Amino acid sequence: MELMQYGNLMEFRNRAVKWDHEFTERDIANIVKQILMALNYMHKENVIHRDLKLENVLIDIDTDIFGKKEIICKLTDFGLSCVKKSGKNVCEIMGTPNFMAPELIKGQNYDSKVDTWALGVITYFLLSGGEFPFKGRSFQ
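The sections below set out a description of the structure shown in this document. Everything quoted here is computed from the prediction, not taken from an experiment.

Before going further, it helps to examine the overall build of the protein. Each helix and strand counted, the protein has four helices and four strands in total. Each helix (α) and strand (β) of the protein, taken in turn from the N terminus, gives the series α-α-β-β-β-β-α-α. For 140 residues, the compact-globule formula gives about 14 Å, and the C-alpha radius of gyration of the protein, at 16 Å, lands near that figure. By principal-axis analysis of the C-alpha atoms, the protein measures approximately 50 × 35 × 25 Å. For the protein, with 140 residues in total, the buried portion stands at 36%. Of the roughly 9,000 Å² of accessible surface on the protein, a fraction of 53% belongs to carbon and sulfur atoms. For the protein, the distance from the average site of its 18 positive side-chain charges to the average site of its 19 negative ones is 5 Å.

Once that is clear, we can look at the environment of tyrosine 110. If you trace the backbone, tyrosine 110 turns up in the loop between helix H3 (102-105) and helix H4 (113-127). Exposure remark for tyrosine 110: the relative accessible area of 4% places this residue in the buried category. A C-alpha to C-alpha distance of 43 Å links tyrosine 110 and glycine 67, two positions 43 residues apart in sequence. Among the polar contacts made by the side chain of tyrosine 110, one reaches the main-chain carbonyl oxygen of glutamate 92 at a distance of 2.7 Å.

For the rest of this paragraph, the subject is the pairing of strand E3 (residues 69-75). Pairing geometry for strand E2 (residues 57-63) and E3, over seven bridges, is antiparallel. Within E3, the position partnered with threonine 63 by the bridge is lysine 69. Connecting E2 to the antiparallel partner E3 that follows it, the hairpin turn spans five residues, and glycine 67 within it adopts a positive phi of roughly 85°.

What counts, and at which threshold
- Residues numbered from 1 in each chain as written.
- Predicted model: local features only at pLDDT ≥ 70, side-chain atom pairs only at ≥ 80, totals over all residues.
- Heavy atoms only, no water.
- Helix = DSSP H or I, 4+ residues; strand = E, 2+ residues; numbered from the N terminus.
- Rg over C-alpha atoms; globule rule 2.2 N^0.38 Å.
- Buried < 20%, exposed > 50% of the residue type's maximum accessible area, 1.4 Å probe, protein only.
- Areas by Shrake-Rupley, 256 points an atom, 1.4 Å probe, with all protein chains shown as cover.
- Lys, Arg positive; Asp, Glu negative; His and termini not counted.
- Charge placed at Lys NZ, Arg CZ, Asp CG, Glu CD.
- Polar contact = N/O pair within 3.5 Å; in protein donor to acceptor, adjacent residues only side chain to side chain.
- Pairing = 2+ DSSP bridges.

Laid out in structure tokens, this is it:
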């Protein structure tokens, strides 16, 4: 298994804050692009992750061809993922509440768009300096 030396995205972000380092828009765009590429591949294969969150994105740093440091992302923890079969509905409630799409929380039928919603939450979190887009005390 490949070693991702910088842990998960939540840990990496928290260390960056501790060291007074702000993520640049370039850093965030790079992270989101890599996650989108992974989701694009998964969704073409009809795989829904269902638990996309900061803790399930592993981080490493590499140097690009121009000598600039670049964040490398890998998706992990496919324990709640499923393969959506043609003509079959998916409606099991799975995931981490802060990252769950409304249709997932309500127990309605859903598809791979729930992963896109979760990526939106991740993006908001990174761009806002660590805030979640929604705050609540319960599921309802």
